[in-house]
Amino acid sequence: MFGRPRAKSLFNTGDFQALKAFTASRAEVKICHGVAGVDGKMKTTWYRPANRDVDGMVSCEACYEDYISGTVFSAHFEKSAPQPLDQIWACDIAVPGIRRRLEEFSNRDDWRAFVAAATHRLEVPACSPYQERPIESTKWYHASENLNLPGFVVCEACYLDGIANTCMDVHFRSGLESGLHDRHKNLTCTLGYLPMAINLQEAIFTENSQLWYEAARIFMHEDICSGQAQQGKSHVLKDGNIDFNLCHSCYTCYIDLFGFGEHFEEVHTPTGNKWSCDFHPARHGFSKYTSALSEAIFVNEFSVLKDFIVRYQGVTQPCPRSDFTTGRRWYGNADFSVCPDCFEEVIQGTKLASVITIRNQFRQAEKSCDIYSPRMRGLWREACANNDYASFAELARHRVEVYWQTVPVMNRLLSQQRIRLMQQQTLNSSSLLYKRLDMTTSSYINYSGVAQPTVTYGAADVGYGFATSYGVEAAMLGQQASNLTLSSGTDAGNVAYLEALWEAVE
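As the structure is a computational prediction, the values presented were derived from the model and not from experiment.

Caption draft 1: The sheet that holds strand 8 (residues 153-155), seen in detail. One open sheet accounts for three strands, arranged 8-7-9; its pairing is antiparallel. Across the chains shown, the open sheet's two edge strands, defined by having one partner strand only, are strand 8 and strand 9 (172-174). Ignoring which end each strand starts from, the neighbouring axes of this sheet average 30 degrees apart. In terms of strand pairing, strand 7 (residues 140-143) meets strand 8 through three bridges, oriented antiparallel.

Written out as structure tokens, the structure is:
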């Protein structure tokens, strides 16, 4: 917060009462969800340029308070109309290129320049990370020829967001390098690869372009991380048998770049054994790895990342919630079980974390996660606040009892409902077939010149007076389908009752 214009301005003026009031009110504001956006159900307060000076642009309340409120540009913004519940809105101040220009032009009190820059940025096509795109689909930039980085190209969106008006701007030129357009119809933005994007951010933060160049040179000459299972050399932690592997490209850009290379060694995987890079964006838990890496970089302490790797190693699947699964890693104790994801999000670092005796251990037996729900997470926070694990453990055990009394029964009833539905569809289809046979046969008897028969058909369950036996069969099948519908209705009521019992403790 204190690195953002509003708080920084209050701090620099020495008005600590105003700073205290601002931080107190700012804590109540919903966080910015970035370019991913949120729907109207979040009830976010939005601001927009007055008079629609930048058409379609909006700022969430958090970014308005951090970057606009208290500046000369605050007079150019107004509250937006409420967001429709079914629409996704994304904060445009979260776009780095727009945010940087906002700070630059507000310091110069040049609203017109900001309007022009923001309007242009919103019109630029988004980057397509890890994917090729037609050359004509956007404007391109390339690394200066003197850097000798052939093929290092950047789309306009990434240039405006990550390079323009920074210390790295001097190392890039508009357009494509000579001959590249003739050799390729499609290109991939190099900054669309996360290692290069992080590398560039670090170079700008430290103003060390040489560090960026060395990493970029290695990256451009290495195979790009694919995330696929492979054999051969990988980078692993030196001490301990830890299930964690990095390809050379990710090792260079994520580890060696930040001075952590001494903690790793390059090893050759034995023949027949395969590994995949744990820092590929498609890998489950990638965002958690990058968060741990960011923290380690910020405090310049590798143990932060290493401790997380040890806790999270071997985790390749998301939380199973209440579904029982086999052959997975677990945390927990005799009272409850928790998956590695929920352990990191809820328990790690809390006051009662020491009660966890099983830590990231592989278990073949069936287990489900007990801490995925908002209720259980809230109860854990409450237990930590009161230093009262006994009460939490009692509630956790009660929850398990209710589970076995309700969820398996619900699943059985729902399975029976699905079977009955299939049976009902079959019976209805068969009934319709026999109805058509009955109609066809009776029509032939009545209109073909053959004398109408004096015999009719029927049964006690469906009545009498059918022209053919097909009509009786159709009625009996239809009645069976109706009886199944009545049974399904009764089960639906039981499922709703059991579901309410489970949701009360889930």
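Caption draft 2: Spatial organisation of the nonpolar core. The biggest cluster of nonpolar side chains holds 34 residues, and the ones touching the most others in it are Phe152, Val154, Leu191 and Trp212. The set of elements that each furnish at least two residues to this core consists of strand 7, strand 8, helix 6 (156-163), helix 8 (194-206) and helix 9 (209-221). Apart from the residues lying within four places of it in its own chain, the contact partners of Val154 are Lys139, Trp140, Tyr141, Tyr159, Ile163, Phe172, Cys189 and Leu191. Within the second largest apolar cluster, 33 residues are counted, among which are Ile371, Cys384, Val407 and Val495.

Caption draft 3: The arrangement of the pattern of salt bridges in detail. Within this structure, the stated rule accounts for 13 salt bridges. Its salt-bridge partner being Lys288, residue Asp341 comes within 3.3 Å of it at the nearest N-O pair. Placement of Asp341 in helix 13 (residues 340-347) and of Lys288 in helix 11 (residues 286-299) is noted, with a sequence separation of 53 residues between them. Considered together, Asp341 and Lys288 belong to a single accessibility category, that of buried residues. Notably, a salt bridge pairs Asp335 with Arg397, separated by 2.8 Å at the nearest N-O pair. A residue pair is termed long-range when its members are at least 10 positions apart, and Asp335 in the loop between strand 13 (328-332) and strand 14 (337-338) and Arg397 in helix 15 (residues 389-447) qualify at 62 residues. When its relative accessible area of 18% is taken as the criterion, Asp335 is described as buried. The class for Arg397 is partly exposed, based on a relative accessible area of 40%. Each of Arg101, Glu104, Arg108 and Asp110 takes part in salt bridges that share partners, so that together they form one network.

Caption draft 4: The pairing of strand 11 (residues 233-237), seen in detail. The buried fraction of strand 11 amounts to four of the five residues, a majority that puts the element mostly inside the structure. As paired elements, strand 11 and strand 12 (residues 264-268) share five bridges and run antiparallel to each other. Paired with Ser234 across the bridge in strand 12 is Val267.

Caption draft 5: Geometry of helix 2 (residues 16-26). Those residues of helix 2 lying buried are Leu19, Phe22 and Arg26. Buried residues of helix 2, seen end-on, are gathered within an arc of 65 degrees and therefore sit on one face of the element. Residues Gln17 and Lys20 are exposed on helix 2 and point more than 90 degrees away from its buried face.

Caption draft 6: Structural view of the sheet that holds strand 15 (residues 358-363). Strand order in this open sheet of three strands is 14-13-15, and the pairing throughout is antiparallel. At either margin of the open sheet sits one strand with a lone partner, and together these are strand 14 and strand 15. Direction of pairing for strand 13 relative to strand 15: antiparallel, over a ladder of four bridges. Counted as the bridge partner of Arg329 is Phe362 from strand 15.

Caption draft 7: Layout of the packing of aromatic side chains. Taken as a whole, this structure holds 33 aromatic pairs when the rule is applied. Relative to Phe172, the ring of Phe152 lies with its centre 5.9 Å away and its plane at 55 degrees, an arrangement referred to as tilted. On the criterion of sequence distance, the pair formed by Phe152 in the loop between strand 7 and strand 8 and Phe172 in strand 9 is long-range, its members being 20 residues apart. Classification of Phe152 by relative accessible area gives buried; the value is 0%. Of the residues examined, Phe172 reaches a relative accessible area of 5% and is grouped as buried. Between Phe324 and Trp404, the aromatic rings sit 5.2 Å apart at their centres with planes inclined by 45 degrees, giving tilted as the arrangement. Taken together, the positions of Phe324 in the loop between helix 12 (302-312) and strand 13 and Trp404 in helix 15 put the pair 80 residues apart, joining distant regions of the chain. You can call Phe324 partly exposed: its relative accessible area is 29%.

Cut-offs applied
- Residues numbered from 1 in each chain as written.
- Predicted model: local features only at pLDDT ≥ 70, side-chain atom pairs only at ≥ 80, totals over all residues.
- Heavy atoms only, no water.
- Pairing = 2+ DSSP bridges.
- Helix = DSSP H or I, 4+ residues; strand = E, 2+ residues; numbered from the N terminus.
- Axes fitted to C-alpha atoms, helices over the stretch in contact; angles between N-to-C directions.
- Core = buried A, V, L, I, M, F, W, Y, C linked by side-chain atoms within 4.5 Å.
- Buried < 20%, exposed > 50% of the residue type's maximum accessible area, 1.4 Å probe, protein only.
- Contact = heavy atoms within 4.5 Å.
- Salt bridge = Lys/Arg side-chain N within 4 Å of Asp/Glu carboxyl O.
- Arc of directions from axis to C-beta.
- Phe/Tyr/Trp six-rings, centres within 6.5 Å; stacked < 30°, edge-to-face > 60°.

These figures come from the coordinates and say nothing about function on their own.
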